[in-house]
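Reading the structure
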Amino acid sequence: MAAAPLLAGLLCIRPAAAQPPLPTVTLHVGGHAIQAEHAATPETLREGLMRRTGLADDAGMLFELGEPDIHCFWMKDTLIPLSIAFIDPDGRIVDIQDMQPQSLDPHCPPAPVSQALEMNLGWFARAGVRTGDRVTR
């Protein structure tokens, strides 16, 4: 009957919870003001929006990626569909891509970036935000 304690232990395992919301910054993108959680530490950059079940309409997450480089993203353990804007050091959007939940497909910018902004899927298109637009605080 050694299986009973093992089974009981397995029933107590829970998936990791989403991290609590991070401090926010107000960003201006294409004439829209949005509230973006600010991911700037190695831990918050790794976690991002993983395991979240929703995102408010005009909310997102701004990733401070450090030195300009080809920083790629994927959606493993991310439950909501997102669009991502890759932002160069001058605050210009160099690319916008749509990302599907729980996908390992890489999403990489075409040029070095220092920030990325994730929003609900299609937000940039609905807001009329395009490549070349600026993101400011």
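One structure accompanies this document, and this report is about it. (Residues numbered from 1 in each chain as written. Predicted model: local features only at pLDDT ≥ 70, side-chain atom pairs only at ≥ 80, totals over all residues. Heavy atoms only, no water.)

Looking at the sheet that holds strand β6 (residues 113-120)
The strand order across the open sheet formed by 7 strands is β5-β4-β6-β3-β2-β1-β7, and the pairing between neighbours is mixed. The open sheet has two edge strands, β5 (93-99) and β7 (135-136), and neither has a second partner. Sheet analysis places strand β1 (residues 24-29) next to β7, joined by 2 bridges and oriented antiparallel. In the sheet register, H28 faces β7, and the bridge partner there is T136. (Pairing = 2+ DSSP bridges. Helix = DSSP H or I, 4+ residues; strand = E, 2+ residues; numbered from the N terminus.)

A short note on the pairing of strand β3 (residues 59-69)
Across 5 bridges, strand β2 (residues 32-39) lies against β3 in parallel orientation. In the strand pairing of β3, Q35 is matched with A59.

Regarding the side chain of S103
Along the chain, the position of S103 falls in the loop between β5 and β6. Once residues within four sequence positions are removed from consideration, S103 is found in contact with W74, M75 and K76. (Contact = heavy atoms within 4.5 Å.)

Examining the pairing of β1
Only one face of β1 is buried, namely the one carrying V25, L27 and V29, since none of T24, T26 and H28 on the opposite face is buried. Two elements, β1 and β2, share 6 bridges in a ladder whose sense is antiparallel. Bridge assignment links V29 to a residue of β2, and that residue is H32. With antiparallel pairing between neighbouring strands as the criterion, β1 and β2 make up a hairpin whose turn holds 2 residues, including G30 at a positive phi of roughly 55°. (Buried < 20%, exposed > 50% of the residue type's maximum accessible area, 1.4 Å probe, protein only.)

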